[in-house]
Amino acid sequence: MKEQYKIAGMTCAACAVSIESYLKPQDGILEVAVNYPNQSVTIEYDNKIALETIQQKIKEIGYTLILGTSQDTQKAFEELEEKRLASLKSKLVFSAIFSIPIFVMAMFFMGKIPYENWIMMALSLPVLFWSGAEFYTIAWKKLKHFSANMDTLVALSTGIAFLFSVFNTVNPQYFLSKGLMPHVYYESAVIIITLILLGRFLEEKAKSKTSSAIKKLMGLTPKKVMVIRNGEESIINYDEILKGELIILKPGDKVPVDGKVKKGTSFIDESMISGEPIPLEKTKGSKVFAGTINQKGALRIIATKVGNETLLSQIIKLVEQAQSSKPAIQKMADKVAGIFVPIVIGLAILTFALWYFLAPEASLTYALLTPITVLIIACPCALGLATPTALMVGIGKGAEQGILIKDAQSLETAYKIDTLILDKTGTITEGKPQVTNIIWDENIISDTLEKVVLAIESESEHPIAEAIVQHLKASKTPGVTIEAFQSITGLGAEATFENTMYRIGNENLMLQHKINTPHALDQKANALKLEAKTVVYISQQDTVVGIIAVADKIKATTISAIKKLQKIGVNIHMLTGDNEQTAKAIAQQVGIKQFQANVMPAEKGKFVEQLQKQGKVVAMAGDGINDAHALAQADVGIAMGSGTDIAMESAGITLMQSDLKQIVKAVQLSKATMQTIKQNLFWAFIYNLIAIPIAAGILYPFNGFLLNPMIAGAAMSMSSISVLANSLRLKNSVIN
Amino acid sequence: MTIVKYKTNIQCTGCIKSLTPVLNNLDNIDSWKVDLESSNRILEVDLDDNDKETVFNAVKGLGFEIEEIS
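Per an unreviewed UniProt entry, chain B is named Heavy-metal-associated domain-containing protein, and its organism is Pontimicrobium sp. SW4.

Per an unreviewed UniProt entry, the recorded name for chain A is Heavy metal translocating P-type ATPase, and the organism is Pontimicrobium sp. SW4.

Colleague: Got a sec to walk through the overall build of chain A? Specific residues and values, please.
Modeller: Check the secondary structure of chain A and you find 27 helices and 26 strands. Per-residue burial for chain A yields a buried fraction of 51% across its 736 residues. When contacts within chain A are restricted to residue pairs at least 6 apart in sequence, long-range pairs at least 24 apart make up 67% of them.

Colleague: Describe in detail a nonpolar patch on the surface, supporting the description with residues and values.
Modeller: All names here are of chain A. Where nonpolar side chains cluster on the molecular surface, the patch consists of Ile339, Ile343, Leu347, Leu350, Phe352, Leu354, Tyr356, Phe357, Leu358, Leu364 and Leu368 and spans about 1100 Å² of accessible area. Secondary-structure elements contributing two or more residues to the nonpolar patch are helix H11 (331-358) and helix H12 (363-377). The leading source of residues in the nonpolar patch is H11, at nine residues. Mapped onto the secondary structure, isoleucine 343 falls in helix H11. What makes isoleucine 343 partly exposed here is its relative accessible area of 48%.

Colleague: Outline the packing of helix H20 (residues 558-567) of chain A against helix H25 (residues 661-696) of chain A, supporting the account with residue identities and numerical values.
Modeller: If you want to describe how two helices pack, look at the angle between their axes and the distance between the axes. Residues and elements named next belong to chain A. Orientation of H20 relative to H25, taken along the N-to-C sense of each, is 30°, at an axis distance of 8 Å. As judged from the angle between their axes, H20 and H25 are roughly parallel. Together, Ser560, Ala561, Lys564 and Leu565 of H20 and Lys661, Ile663 and Val664 of H25 make up the contact between the two elements.

Colleague: Run through helix H17 (residues 463-473) of chain A, naming residues and quoting values.
Modeller: Along H17 of chain A, the positions that sit buried rather than exposed are Pro463, Ile464, Ala465, Ala467, Ile468, Val469 and Leu472 of chain A. Residues of H17 of chain A that are buried make contact with strand E9 (266-269), strand E16 (429-440), helix H16 (446-459), strand E20 (534-540) and strand E21 (543-554) of chain A.

Colleague: Explain the environment of isoleucine 377 of chain A to me, using residue names and the numbers behind them.
Modeller: By the element assignment, isoleucine 377 of chain A lies in helix H12. Taking C-alpha positions, isoleucine 377 of chain A is 7.4 Å from alanine 695 of chain A, a pair spaced 318 residues apart along the chain.

Colleague: Can you break down the UniProt feature "transmembrane region" (unreviewed entry) in chain A residue by residue, with the values?
Modeller: The UniProt feature table records "transmembrane region" (unreviewed entry) at residues 92-111, 117-140, 152-171, 183-202, 336-358, 364-387, 681-700 and 706-728 of chain A. Secondary structure content for residues 117-140 of chain A is 96% helix and 0% strand, and the end C-alpha separation is 28 Å.

Colleague: If you had to explain unusual backbone geometry to someone new, which residues and values would you point to?
Modeller: Notably, asparagine 230 of chain A is not glycine yet its phi reads approximately 50°, a positive angle. On the basis of relative accessibility, which here comes to 16%, the residue asparagine 230 of chain A falls in the buried class. For arginine 41 of chain B, which is not glycine, the phi torsion reads 45° and is therefore positive. Its place among the elements puts arginine 41 of chain B in the loop between strand E2 (29-35) and strand E3 (42-47).

Colleague: How would you summarise the packing of aromatic side chains if you had to cite specific residues and measurements?
Modeller: Residues and elements named next belong to chain A. Applying the stated criterion across every chain yields a total of 14 aromatic pairs over all chains. Arranged with centres 4.8 Å apart and planes meeting at 45°, the rings of phenylalanine 94 and phenylalanine 98 form a pair that is tilted. With phenylalanine 94 and phenylalanine 98 both in helix H3 (residues 70-109), this residue pair falls four residues apart, about one helical turn. Since its relative accessible area comes to 22%, phenylalanine 98 is described here as partly exposed. Clustering of aromatic rings is evident, with ring pairs tying together Phe164, Phe167, Tyr174, Phe175 and Tyr185. The aromatic ring of tryptophan 130 is capped on one face by lysine 91, whose charged end is 6.0 Å from the ring centroid.

Colleague: Let's hear about the interface of chain A and chain B: which residues, and what values?
Modeller: Counting from both sides, the interface comprises twelve residues of chain A and, opposite them, 15 residues of chain B. Taken over both partners, the interface formed by chain A and chain B buries close to 1100 Å², and the fraction arising from carbon and sulfur atoms is 43%. Interface area lost by chain A to chain B is led by Asn230, Lys262 and Lys284 of chain A, which between them contribute 44%. The interface formed by chain A and chain B contains one salt bridge. Residue aspartate 30 of chain B is joined to lysine 263 of chain A by a salt bridge in which the shortest nitrogen-to-oxygen separation is 3.0 Å. Taken together, the links from chain A to chain B amount to nine residue pairs in polar contact (both at pLDDT 80 or more). In terms of residue count, the dominant contributor to the side of chain A that touches chain B is strand E8 (residues 258-263) of chain A (three residues). Residue classes in the side of chain A that touches chain B are distributed as three nonpolar, three polar and six charged.

Colleague: Residue-level account of the side chain of lysine 262 of chain A, with values.
Modeller: The residue lysine 262 of chain A is located in strand E8 in this model. Here lysine 262 of chain A is buried and forms no salt bridge, its nearest opposite-charge partner aspartate 27 of chain B lying at an N-O distance of 5.6 Å. Once residues lying within four places of it in the same chain are set aside, the contact partners of lysine 262 of chain A are Leu246, Lys284, Arg300, Ile301 and Ile302 of chain A together with Leu23, Asn24, Leu26, Ile29 and Asp30 of chain B.

Colleague: I'd like a rundown of the nonpolar core, residues and numbers included.
Modeller: All names here are of chain A. With 38 residues, the main nonpolar core has Leu422, Ile592 and Ile663 as its most contacted residues. Ranked by residue count, the leading element in this core is H25, at seven residues. Once residues within four sequence positions are removed from consideration, isoleucine 592 is found in contact with Leu422, Ile428, Ile562, Ile572, His573, Met574 and Ala587. Core analysis: the next-biggest nonpolar cluster, separate from the first, contains 31 residues, Met105, Val154, Phe162 and Ala189 among them.

What counts, and where the lines are drawn
As a convention, each chain's residues are numbered from 1 in the sequence order in which they are written. Going through the entries in the order they are written, you letter the chains from A and number the ligands from 1. At least 70 in pLDDT is required for a residue's local features to be given in this predicted model, at least 80 for side-chain atom pairs to be given and counted, and no such filter applies to totals for whole chains, interfaces and linings, which use all residues. Water and hydrogen atoms were dropped before computing side-chain values, which therefore reflect all heavy atoms in the structure. Think of it this way: any DSSP run of H or I at least four residues long counts as a helix, any run of E at least two long counts as a strand, and we number them from the N terminus. Burial classes follow relative accessibility: with a 1.4 Å probe on protein chains only, a residue under 20% of its type's maximum area counts as buried, one over 50% as exposed, and anything between as partly exposed. Pairs of residues are marked as contacts when any of their non-hydrogen atoms sit within 4.5 Å. Here the term patch refers to residues with relative accessible area over 30% and no salt bridge, with like charges joined within 9 Å and nonpolar side chains (Val, Leu, Ile, Met, Phe, Trp, Tyr) within 5 Å. What sets the accessible areas is the Shrake-Rupley method with a 1.4 Å probe; for residues, cover comes only from the shown protein chains. A pairing counts as a salt bridge when a side-chain nitrogen of Lys or Arg comes within 4 Å of a carboxyl oxygen of Asp or Glu. Axis geometry follows a simple rule: fit a line to the C-alpha atoms, using only the stretch in contact for helices, then measure angles between N-to-C directions, giving values from 0 to 180 degrees. Throughout this description, any angle smaller than 35 degrees is read as roughly parallel, any larger than 145 degrees as roughly antiparallel, any in the 65 to 115 degree range as roughly perpendicular, and the remainder as oblique. UniProt positions are given in the numbering used here, feature names are shortened, and annotations may be inferred rather than shown by experiment. Centres within 6.5 Å make a pair out of two Phe, Tyr or Trp rings, where for Trp the six-membered ring is used; the pair is then stacked when the planes are under 30 degrees apart, edge-to-face when over 60, and tilted otherwise. Over a ring means this: the NZ of a Lys or the CZ of an Arg is within 6 Å of the ring centre and within 35 degrees of the ring normal. Throughout, buried area stands for the accessible area (probe radius 1.4 Å) lost by two parts on being put together, summed over both. As used in this structure description, the phrase polar contact means that two N or O atoms lie within 3.5 Å; if the pair is within protein, one of them must be able to donate a hydrogen and the other to accept it, and residues adjacent in sequence are counted only when both atoms belong to side chains. Each residue gets one of three labels, nonpolar for Ala, Val, Leu, Ile, Met, Phe, Trp, Tyr, Cys and Pro, charged for Asp, Glu, Lys and Arg, and polar for the others, Gly among them. By the counting scheme adopted, Arg and Lys are positive, Glu and Asp are negative, and His together with the chain ends is not counted. Nonpolar core, defined: a set of buried Ala, Val, Leu, Ile, Met, Phe, Trp, Tyr and Cys residues in which side-chain atoms within 4.5 Å join the residues together.

Have a look at this one:
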């Protein structure tokens with residue numbers, strides 16, 4: 001049996017590793033793959049082990065495996081996660097409220113308040129044993145299985161700092177009698193816990209957002225649907241729709257299922273599925289898809305695919321898969337922590353032993369003090385702060401520039417991208433049809449004609465007519481009254497004005513009425529078609545007097561942004577659901593060599609995957625639901641701010657201005673942030689590398705120097721402050 | 001449009017459920033309903049053309065008895 005289940009309670013990538021390593025050797029378990037970002041586990045097992053046993057085993061190491069059907073599971077998981085987030089928040093607030101007075105006392109009063117140490121001890125207790133309790137329980141569970149993670153390090157350093165402080169509070173005489181000051185480190189312990197809780201809280205919040213993209217996708221289908229059953233109209237719930245059912249769609253209704261039109265004519269906005277900006281005309285026999293929106297006109301459709309079979313459901317599934325297959329870079333830091341913890345513990349023990357057996361005098365005192373100094377100084381504070389602080393400043397800097405970074409991993413990866421995939425509609429182009437050219441016959445007085453065109457097109461329901469109206473409205477006032485208006489489905493419209501017949505529509509309309517087109521206009525029309533523009537003909541009686549070209553305009557900044565990206569070595573591909581001719585024309589205009597037309601939503605994601613398999617670091621920029629899968633699959637998903645919510649939630653980065661130049665900025669920001677992280681890590685490590693041996697007393701044999709634990713504590717704070725300061729420097733970095 | 005009536009042995013809503021996708025998918029049918037109250041279980045079909053055979057065959061194909069009555 002191979003099944004995927006949700007797991008609750010994982011706090012870091014190391015949790016994933018430890019669940020894997022704990023389950024794998026169990027009898028009956030063949031394969032385990034834990035996915036941290038998706039909070040799930042795929043287990044392959046045979047009948048030597050029961051699922052309940054696996055659940056029990058997982059519980060033993062502190063996590064909850066959620067069993068049940070997929071829908072129940074999702075709900076149970078969401079509830080658990082919500083509870084977890086709420087409890088994390090209260091723990092964080094609680095911890096912060098108690099930590100601040102401790103910090104102020106330790107930093108600014110230093111012994112001037114009577115019973116200061118006792119007060120600080122009392123205030124620390126709830127922080128350690130309520131807010132931070134999880135660190136100790138997880139560390140303990142890990143210890144039982146001889147493993148360690150970041151929690152172990154936190155538990156160890158804060159625990160030692162606390163116990164040592166308690167000892168010095170209760171019994172200050174011990175060290176005083178040996179000529180040493182009995183310092184306390186309550187503030188270090190509580191501040192570490194507060195900061196780490198803050199980091200966890202921010203991370204959890206970001207994680208909970210990914211599932212909301214899926215929820216929104218699911219929300220695209222209507223809750224109630226009007227159907228005809230046995231000749232009578234009735235309103236039923238969405239999940240009661242059966243295959244073959246006749247469904248009534250009114251204007252503005254969302255299509256609930258994949259189906260085919262039985263009766264009626266209307267335009268359906270399919271941009272979320274196909275990316276095609278112009279709503280498509282649907283007549284008897286046309287296919288319609290779940291999640292699209294009926295614009296004008298009523299339709300009766302027969303459900304051909306319902307529930308999980310619809311194209312929309314397939315997209316949802318793909319987005320889910322893509323989100324769950326993301327590699328966890330965070331593993332790195334935890335791997336480091338996994339090595340770092342035992343080394344530090346080893347060093348502390350070694351220090352104890354060396355002092356105890358080799359020191360000439362007061363050996364027990366030093367044997368106790370030095371390992372504690374080692375543990376305090378090895379506190380992961382600076383290491384723990386190195387990445388999150390830089391990321392937070394980077395994310396803030398991005399927000400200032402209109403680049404919203406949802407998951408930090410995108411910011412970590414963006415500077416590495418070598419391939420960028422651009423969706424055409426709404427990303428490279430504006431995403432809606434606009435009039436690009438109006439060409440009149442030379443011998444015509446166009447002024448009145450434009451008014452007539454405006455009057456006729458105002459009556460029409462066609463989306464292209466709307467674009468023409470928008471364009472003409474900007475400059476003209478409708479002052480003419482037309483007569484005998486008639487809309488001709490699939491062709492255009494006609495009307496009379498001052499006893500003259502005017503027709504506006506496609507080439508077929510002109511051919512049907514044997515209207516002749518002057519050579520000059522015909523040539524111009526052909527040229528416009530080659531540019532992938534839709535040409536609308538305007539005739540007066542039996543002659544074409546003008547043409548209007550409508551197209552999805554390229555955004556003003558697209559071309560220069562593409563040039564800039566190509567210059568920094570990014571290979572650009574364009575994908576579109578549009579036809580070959582349009583794709584080619586647009587690609588040529590913006591300077592993209594690689595493009596693919598007629599691409600279905602699922603294919604976009606697969607294309608990203610293919611490139612990733614070739615070892616490319618792929619960024620995808622798009623704005624539609626049809627891009628959601630690819631956005632989630634890409635190493636860096638970039639959503640256009642003007643796009644759909646689904647796109648924004650599937651992507652790691654959202655650009656507030658729908659402008660490709662922002663991608664260049666995002667790459668620069670990523671580079672600057674990563675540089676800061678590397679500098680931070682360097683300083684944190686160097687500091688540990690130098691400070692730990694000194695704390696252990698390496699200098700003692702040479703010049704009798706022993707690091708005072710208080711100075712160790714101060715040095716530790718300094719390293720954190722230097723990391724913070726370095727991160728804040730990022731704020732002033734120039735990104736243009 | 002022609003309205004054609006058939007006498008059938010369509011019994012219940014379950015039968016109608018199985019009939020629904022078949023009749024809806026027939027191109028020449030505009031609308032249809034079965035009168036479960038009547039003793040003859042009359043199926044009334046609004047036909048686009050005069051092709052009564054398709055309806056007859058479709059219903060027959062599902063195992064029901066069907067006979068044109070007007």
